[in-house]
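Each chain, letter by letter, is given below.
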Amino acid sequence: ELKLLIESIKENELTSDSRLFIFSEAPKPNNQVDKGKVQVVRRIIKKINGFKSVNIFESNEHKGLSVSVISGVTKVLKEYGRAIVLEDDLVLSSNYLEYMNQALSYYENDNNIISVSGYTLPLKSINKNKDYYFGYRASSWGWGCWWDQWKNIDWSVSDYGELLKKRSEQRKFNKGGSDLTRMLKNQQSGKIDSWAIRFCFHQYKYDLKTVFPTVSKVVSTGFSKDATNTVGATRFKTLLDSGEKKTFQFDPYQKIDVQLMKEFKNYYSTYHRMLNKIKNI
């Protein structure tokens, strides 16, 4: 997966102008299978070239998903102000870096926007004559953010108790998908280790939006039996942008497309989750 990701990044013209920061997590304690895989990955990353610079950070102890992501993203954002974040099981379009950099520049000072996504679901009502649409819920697949937004996130979710008391607030939170409140409960009880659900809660709390492309610049290869969170999650498969467009048009945030968000929310519904499980069986 990592090799596929690097190959796809290098298809982008902006690769040689981009600084690459690689954060390599340590294996879980006493897990020889993980240890072997991490060793293979670390041999690969030491050979990566073609970027303006390559900085590698190898963890000596297993931190877990959320701590690894939060600490790594914080380190880069603090120094550079904005960053594009990629997991290792993604494949990018050849115009991914152009799209992300242009969107990050355009919305940098728009206080309505918390993040830019390179991924989009294949929604039926997407207007392909536009380059973007707005959504309630961030995506963790090939996304970008700014330090000014990231630094305000309360990772401890100190007001979680208030959400539990109010069903009306839970319904508002679930505008981005009926799984959101459940995922946050699982996070706070220690059943899952997710930075993304806490990011989404902050987004809901302050009524912030994510910018999505109308044609996906990202696809995930992380649906295998070795995947941590997305085994068999075929409902998230989408078509990768194969066009040659390199300049994109954006507009300031004004409103959400209600029909698009209805379709977006349906992908995270109990019905779709069950249908996906049945298909996999």
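Residues numbered from 1 in each chain as written. Predicted model: local features only at pLDDT ≥ 70, side-chain atom pairs only at ≥ 80, totals over all residues. Heavy atoms only, no water.

Here we come to the sheet that holds strand 5 (residues 113-117). Judged by pairing direction, the sheet is mixed, and its five strands sit side by side in the order 3-7-5-8-6 without closing on themselves. Since the sheet does not close on itself, it has two edges, and those belong to strand 3 (82-85) and strand 6 (132-135), each with one partner. Strand-to-strand twist across the sheet, computed as the mean angle between neighbouring axes with direction ignored, equals 25 degrees. Packed on one face of the sheet, helix 9 (residues 196-205) meets strand 5, strand 6, strand 7 (143-146) and strand 8 (209-213) and runs near 135 degrees to strand 5. On top of the sheet, helix 10 (residues 258-266) reaches strand 6 and strand 8; it is set at about 65 degrees to strand 6, its chief contact. (Pairing = 2+ DSSP bridges. Helix = DSSP H or I, 4+ residues; strand = E, 2+ residues; numbered from the N terminus. Axes fitted to C-alpha atoms, helices over the stretch in contact; angles between N-to-C directions. Contact = heavy atoms within 4.5 Å.)

The full count for this structure, using the stated rule, is twelve salt bridges. Among the salt bridges present, the one from E13 reaches K246, with a minimum N-O distance of 3.2 Å. One end of the pair, E13, is in the loop between helix 1 (2-9) and strand 1 (19-24); the other, K246, is in the loop between strand 9 (218-220) and helix 10, with 233 residues separating them in the sequence. Note that D241 is salt-bridged to K217, the shortest N-O span being 3.3 Å. Within this pair, whereas D241 is found in the loop between strand 9 and helix 10, its partner K217 is found in the loop between strand 8 and strand 9, the two being separated by 24 residues in sequence. Judged by relative accessible area, K217 falls into the buried class, the value being 3%. Connected through salt bridges with shared partners, the residues R42, K46 and E58 form a single ionic network. (Salt bridge = Lys/Arg side-chain N within 4 Å of Asp/Glu carboxyl O. Buried < 20%, exposed > 50% of the residue type's maximum accessible area, 1.4 Å probe, protein only.)

The phi angle at V157 is positive, at roughly 50 degrees, despite the residue not being glycine. Residue position: V157 is located in the loop between helix 5 (147-150) and helix 6 (160-165). Notably, D207 is not glycine yet its phi reads approximately 55 degrees, a positive angle. Looking at where D207 falls in the secondary structure, it is placed in the loop between helix 9 and strand 8. A relative accessible area of 48% places D207 in the partly exposed class.

On to the environment of Y106. By secondary structure assignment, the location of Y106 is in helix 4 (residues 96-106). A residue is classified by how much of its surface remains accessible, and Y106, at 38% relative accessible area, is partly exposed. Between the alpha carbons of Y106 and S59 there is a distance of 34 Å; along the sequence they are 47 residues apart. With residues near it in sequence (within four places) discarded, Y106 still touches F250, D251 and P252.

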